[in-house]
Amino acid sequence: NLREEIEIVFASGVSSVSKEKISISEEAFSSVISWIVDPLRETLTSAIDEGDAADVTTRVGAKYREWRNNDLKIALNDALCATYSQGVLAGAPKGSVMQWVVEKAGQCVDCDDNALEPTKANEAFPTGQTYAPAHSGCRCVIAVK
């Protein structure tokens, strides 16, 4: 069950900064799920929009299979990375300053910029994100400074 896995990863994020037991909010859960649903929606929308109506079912099926075989694993990893970061934010003591920790320096300009400026919890890092990941495939994390 995906919800159970998300709750476990969220609790791991919380426990990395706090001894409190905090459950994932519905808002945070929806935000995490969007890492999976949004790319799939974009893929299927493009399949519907291109070509003629006669073969839309074939196009949608093909795009879905392609997404499932190639992009689903990335989307799930993105969602779990976001879940962990949401847990860190939820467990961070009030007034905490967060540090963006890059997976590998020089790999992404946005991530490198975020790492330069510690930011108060729940406020946006320099490039607009309040938590990692910054983009699909990003494996950065946030930590209490």
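Check the entry above for the structure.
To start, this report covers the structure provided alongside it. Just so it is clear, the model here is predicted, and its values are computed rather than measured.

1. A few points about the packing of helix H1 (residues 2–15) against helix H4 (residues 72–91)
Thinking step 1. At a minimum axis distance of 7 Å, the contact between H1 and H4 shows a crossing angle of 45°. Comparing their axes, H4 and H1 come out oblique. Of the two possible hands of crossing, H1 and H4 adopt the one that is right-handed. Residues Leu2, Ile6, Val9, Phe10, Ser12, Gly13 and Val14 of H1 form the contact with H4, whose participating residues are Leu76, Leu80, Thr83, Tyr84, Gln86, Gly87, Val88, Ala90 and Gly91.

2. Concerning helix H3 (residues 56–70)
Thinking step 1. In a regular helix each residue adds 1.5 Å, so 15 residues correspond to 21 Å; H3 covers 21 Å between its end C-alpha atoms and thus fits that length.
Thinking step 2. Buried within H3 we find Arg59, Gly61 and Trp67.

3. Structural notes on the pattern of salt bridges
Thinking step 1. The full count for this structure, using the stated rule, is five salt bridges.
Thinking step 2. In this structure, Arg59 and Asp55 form a salt bridge, with 2.3 Å as the shortest nitrogen-oxygen distance.
Thinking step 3. A relative accessible area of 14% means that Arg59 is categorised as buried.
Thinking step 4. Taking the shortest distance from any N to any O, the salt bridge between Asp78 and Arg139 comes out at 2.8 Å. Of the two residues, Asp78 sits in helix H4 while Arg139 sits in the loop between strand S2 (119–120) and strand S3 (141–144), which places them 61 residues apart along the sequence.
Thinking step 5. One network of salt bridges, with partners in common, ties together Arg3, Glu7 and Glu26.

4. What about the packing of aromatic side chains?
Thinking step 1. Within the structure shown, the criterion is met by two aromatic pairs.
Thinking step 2. Summarising the aromatic geometry, the rings of Trp100 and Phe125 are spaced 5.1 Å apart at their centres and angled 75° between planes, so their arrangement reads as edge-to-face. Of this pair, Trp100 sits in strand S1 (residues 97–101) while Phe125 sits in the loop between S2 and S3, and the two are 25 residues apart along the sequence.
Thinking step 3. By relative accessible area, Trp100 is classed as buried at 1%.
Thinking step 4. Classification of Phe125 as buried rests on a relative accessible area of 3%.
Thinking step 5. In this arrangement the basic side chain of Arg3 is found over the ring face of Phe29, its NZ or CZ atom lying 3.9 Å from the centre.

5. Quick word on the environment of Arg3
Thinking step 1. Turning to its location among the elements, Arg3 is positioned in helix H1.
Thinking step 2. Classification of Arg3 by relative accessible area gives partly exposed; the value is 24%.
Thinking step 3. Residues Arg3 and Phe29, 26 residues apart in the sequence, show an inter-C-alpha distance of 8.4 Å.
Thinking step 4. Leaving out residues up to four positions away in the same chain, Arg3 has contacts with Ile24, Glu26 and Phe29.

Rules and cut-offs
Residues numbered from 1 in each chain as written. Predicted model: local features only at pLDDT ≥ 70, side-chain atom pairs only at ≥ 80, totals over all residues. Heavy atoms only, no water. Axes fitted to C-alpha atoms, helices over the stretch in contact; angles between N-to-C directions. Helix = DSSP H or I, 4+ residues; strand = E, 2+ residues; numbered from the N terminus. Parallel < 35°, antiparallel > 145°, perpendicular 65-115°, else oblique. Left-handed = near helix turned anticlockwise from the far one by under 90°. Contact = heavy atoms within 4.5 Å. Expected span 1.5 Å × (residues − 1). Buried < 20%, exposed > 50% of the residue type's maximum accessible area, 1.4 Å probe, protein only. Salt bridge = Lys/Arg side-chain N within 4 Å of Asp/Glu carboxyl O. Phe/Tyr/Trp six-rings, centres within 6.5 Å; stacked < 30°, edge-to-face > 60°. Lys NZ or Arg CZ within 6 Å of the ring centre and 35° of its normal.

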